[in-house]
Protein chains: 2
Amino acid sequence: MKNLIVAQSGGPTSAINATLAGVIVEAQKSKEIDKIYGACYGIQGVLEEKFIDLNRKADTQDKIEMLKRTPAAALGSCRFKLEDPEKDDTQFRQIVDIFHKYNIGYFIYIGGNDSMDTVYKLSVYCEKNGIDDIKVIGGPKTIDNDLCGIDHCPGFGSAAKYIATVFAELEQEINVYETKSVIIVEMMGRNAGWLTAAAALAEKKNGKTPYLIYLEERTFSMEKFISDVKEELDAHDTVLVAVSEGVHDEEGRYICDTLPGESDTDVFGHSMLSGTGRVLEEEVKNKIGCKVRSIELNLLQRCASHIMSETDINESFNLGQNAVRIAVSGESGKMSSLKRIPSDKYEVEYCAVDIANVANLEKKVPVSWINETGNGVTEEMIDYLLPLIQGELSCFYDNGVPDYIVLK
Amino acid sequence: MKNLIVAQSGGPTSAINATLAGVIVEAQKSKEIDKIYGACYGIQGVLEEKFIDLNRKADTQDKIEMLKRTPAAALGSCRFKLEDPEKDDTQFRQIVDIFHKYNIGYFIYIGGNDSMDTVYKLSVYCEKNGIDDIKVIGGPKTIDNDLCGIDHCPGFGSAAKYIATVFAELEQEINVYETKSVIIVEMMGRNAGWLTAAAALAEKKNGKTPYLIYLEERTFSMEKFISDVKEELDAHDTVLVAVSEGVHDEEGRYICDTLPGESDTDVFGHSMLSGTGRVLEEEVKNKIGCKVRSIELNLLQRCASHIMSETDINESFNLGQNAVRIAVSGESGKMSSLKRIPSDKYEVEYCAVDIANVANLEKKVPVSWINETGNGVTEEMIDYLLPLIQGELSCFYDNGVPDYIVLK
C-alpha cells in the first residue's frame, strides 16, 4: 500500500474543493491507498513538506459535503514555476525524495494550464529517470475554461452561472429608470473569452435589453464598439455590454493598457489585465454622453460559492474521483478529464488524457461561435454553455453567514 | 370604494418588489379598495399617467411570490424632484387632478429619503388645500439603511447579507496564497456607513484574517489607514479592508475626489462617489508595496436577489401590507414602519410614523458603535445587524438562469 498526496494550484474557483473532496472520498475507498496527505500551498508546499492528514481533517460525510461547498482552495495554492529540469533538476530530485520519504505513490495536482505544466514536467522527469513508483495525475480546474483535452473545465460552470445571474440582475437594474443608459461589465479570462460569453445565457430571458458581447478572440475596434452602442441605444434605450479583460486592437495592444499606470505581469509572465471596462466607460461618456457605468467582476466571479452550478460541482467531484482511479490503475502523466457524449440529453463520461496534450496549450473560443459582427455569440455557444450551469447549489450558512471548512 | 395607486422610487434594491407585493396582496384583500394601479417610473409616471393594472399583472400566488424575488423595481423608478409647492404648485395640482380622475383614494410611494420628501410635500399640500379624499403613505426602502423613524430599512438586510457573504468568500480567496496581501472593498452608502459595517458579520467566522472597517461617520486619515494595514500585515499576512465610498478627511474632502476626473452629482445634488477603493489601493501599493487589489461592489450589492435575507424579504412584504392598512384606516402623511421589540428574541412590530420625522433626515451610524481606533465596529453593531440577515432566500431559476416577473 502506498500513500497519496494531493495539492491545489493556480487561481481559486468555487469548484476546486469539490475536486479535492472527490480525491479524498475515492482515496478513502481504495484498497491501494493508505494515508491521504494534503500539501498546503501547491508544489511549493510539497517542497517545504507542509503536509496535513486529510483522512483526519475530512473524516465525515458532513465535512466532505462542506468541503464541496467551500470556495477558493482549502489547501492553499501557489503560483510557483518549477525550474526547467533540463537545466536544473534539483527541485525534481527534491520532490521525488520527499515522495519516497513519505511512501507516496500517487500525486494528484489540481490546477489550470500552469499546474498541468508541472504535472507534465514531473511525469516526464520520473519517466526519464526510471522512477515508476510515483504516479503523477492532473486534476483540471479553471474558471477560464481554456484547458485543452477536456470538454469544459471544472469551476467554469459555476463562474458562468454567476455571470449569467449578475447579467440578469443588472438587466432589471438598468431598466428601472427611463434614461438612455449603458452598463459595461468586465470579465476575467486572460486569453479566452469563455466567461464573457456566459453573459449571453441571460439575454432575452427577462426582458428585451440587447447585450453586446466582446470576446478577446476577435479584434476589438473602439469605433465599432461606439457605433454598436449608439445603434442599440437608438432602438432600445438600454444596453448591457460584456467585455473580456483581454480584448485588444488589431495591433495586439490591450484596450486596458490605454489606462495610466504600469501593466503588471505574474511569475509566469502573463499580463495581469484590468481596467478595460473603465476605458470603455470613459469612451461612451465622451463619445455618446449618456449615463454609463462600468463594473469589474474581479475576484467575485471566481469564488462566489453562494451560487454555484450543481452540474459543475458534481462533475468537479467526479473528476477528483476519476483522478484517483487513473493513478491507482498505474497510469502517470495523465489528466482526469470528461467528454460530452453526443446525444439529445446532456451526458458526460470520464476519461484520462495525455498531459502533453494539455500542458502549455490554451483552448480559445472557436471564432465560428462568435457572430459575424463580432458583438455576440451564436446558438452553438449557447448550446455548449447551457448544460454547464444547470442546478443551483449554495454554500452552507450558519447564523446568516457562510460557513466553510478550514483545512490548513 | 376607492382605487389605490402604488409607485416605486429611488435606487433599486432586492426587496422593494417584496413591499410592492405586500401592497398588492393587502389591497386585494381590502373591502375599501377597488382597482390597484401601478404607476411606472415613480411620481414622474403619475404625472404622465403611465398606469398599469396590478390586479391583472399579479393575479396569482405564484406571480406574487415571483415578484417578491425579483430585484430592482418592477414598476420602474425615477429620480424626479417635485417643485417646491410654496413656489409653484402646478405639479401638485396635476397629481391631485389625476388622482381624482382615476378615483384614487390611496397613494403608496415606496422609496428612500428623497421619496419620503415627495410623500411629505404631497401630504402637506393635500392637508393645506383641504383635500382629504387622498391618503398619501410612504413605504420605506433603501439599502443605505439611513431612514429615520424605522429600526432598519427594507432592502438593507439583503444587501448586508450579500456583503457579509462576499467578505466570507474573499477571506477564503485572500488566504489561498502565502503572500502578504490586502483586499479593499468599497461599499455604497452616500452619507452613512451601515452597509460597510455589515462586513464585520463575516469576521472570525471562517478564519483569523483581520478586517479593517472604515465608516464615513469617522474622519478618515490616510496615515492612520496605512499604519493600520502595516500593523495587521505584520501579525497576520492578510487583511481585508471594508470602506464606505463616502469616507472623507478632516476638512470634509472625499477621499475619492483625489482621483482624476470630475465628481458628478445627481438631480438631488448628492455627490455620486466612487473610486475610494482605488485610491486606497494605490496608496497601499506605494507606501507598503505588497499585493493589493480593490473591488467596488457597485450595483451588484443592491440587486443581488440570488442571495437575499429571508428576514428582510418577509419584513419588506409586511411593511407593504402595513402601508395599505394605514392608508385604509384614514391616515395620511405617514410612513409604514417597524420597531424592534426589546426582548431576548428578535421580534418586530409594525406601526406608522409621521413622515415629517423621516423626510430629508438621515440616520447615521452612532459613533459609539464604531471602535475607539475607528477601524472596526462594536458588539452593539453586530447585535443590531445579525438578526437582519437571518435566513436565505433566492430568486427562482428556470433552465439555470434567474426567472423574474416583468410588470411594465
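Described below are features of the structure shown in this document. Chains are numbered independently. Their residues run from 1 in the order of the written sequence. Chain letters and ligand numbers both follow the written order, the letters beginning at A and the numbers at 1. Whole-chain, interface and lining totals are the exception, using all residues; otherwise, since this is a predicted model, local features are given only for residues with pLDDT of at least 70 and side-chain atom pairs are given and counted only at 80 or more. With hydrogens and water stripped out, all remaining heavy atoms of the structure feed into the side-chain values.

1. Thoughts on the sheet that holds strand S1 (residues 2–8) of chain B
Residue and element names in this part refer to chain B. Definition in use: Whether two strands pair depends on DSSP finding at least two bridges between them. Helix and strand definitions follow DSSP, with helices as H or I runs of at least four residues and strands as E runs of at least two, each counted in order from the N terminus. For helices, the fitted line uses only the C-alpha atoms of the stretch in contact; every axis is such a line through C-alpha atoms, and the angle between N-to-C directions lies from 0 to 180 degrees. Contact criterion: two residues are considered in contact whenever any of their non-hydrogen atoms come within 4.5 Å of each other.
Strand order across the open sheet formed by 7 strands is S3-S2-S1-S4-S5-S13-S14, with mixed pairing between neighbours. Strands with a single pairing partner mark the edges of an open sheet, and in this sheet they are strand S3 (51–53) and strand S14 (348–354). Neighbouring strand axes in the sheet, compared pairwise and without regard to direction, differ in orientation by 30 degrees on average. In this structure, S1 lies alongside strand S4 (residues 104–111), joined through 6 bridges in parallel fashion. Of the residues in S4, the one forming a bridge with asparagine 3 is isoleucine 104. Across the sheet, helix H6 (residues 113–128) lies against S4, strand S5 (135–140) and strand S13 (334–340), angled at about 165 degrees from S5, the strand it touches most.

2. Structural notes on the packing of aromatic side chains
Threshold: Ring geometry is summarised as follows: Phe, Tyr and Trp rings, the Trp one being its six-membered ring, pair when their centres sit within 6.5 Å, and such pairs are stacked at plane angles under 30 degrees, edge-to-face over 60 and tilted between the two. Burial here depends on accessible area, computed with a 1.4 Å probe over protein chains only, as a share of the maximum for the residue type. Under 20% is buried, over 50% is exposed, and the range in between is partly exposed.
Counted under the stated rule, the structure contains 26 aromatic pairs over all chains. Ring geometry for phenylalanine 92 of chain B and tyrosine 125 of chain B: centres 5.4 Å apart, planes at 35 degrees, overall tilted. Placement of phenylalanine 92 of chain B in helix H5 (residues 90–101) and of tyrosine 125 of chain B in helix H6 is noted, with a sequence separation of 33 residues between them. Considering the side-chain rings of tyrosine 214 of chain B and phenylalanine 220 of chain B, the 5.3 Å spacing of their centres and the 80 degrees angle between planes classify their relative orientation as edge-to-face. When sorted by exposure, tyrosine 214 of chain B lands in the same class as phenylalanine 220 of chain B, which is buried. A network of ring pairs unites the aromatic residues Tyr37, Phe51 and Tyr102 of chain A as a single cluster.

3. Remarks on the interface of chain B and chain A
What counts is decided by this rule: Buried area: the accessible surface (1.4 Å probe) lost by two parts on joining, summed over both. Any Lys or Arg side-chain nitrogen found within 4 Å of a carboxyl oxygen on Asp or Glu counts as a salt bridge. Polar here means any residue outside two lists: the nonpolar Ala, Val, Leu, Ile, Met, Phe, Trp, Tyr, Cys and Pro, and the charged Asp, Glu, Lys and Arg; Gly therefore counts as polar.
Contacts between the two partners involve 62 residues from chain B and, on the opposite side, 62 residues from chain A. Here chain B packs against chain A, burying approximately 5300 Å² in sum over the two surfaces, 55% of which is carbon and sulfur. When the shortest N-O distance is used, the salt bridge between aspartate 398 of chain A and lysine 205 of chain B registers 2.5 Å. A per-element tally of the side of chain B that touches chain A places helix H7 (residues 156–174) of chain B first, with 9 residues. The class makeup of the residues in the side of chain B that touches chain A is 31 nonpolar, 16 polar and 15 charged.

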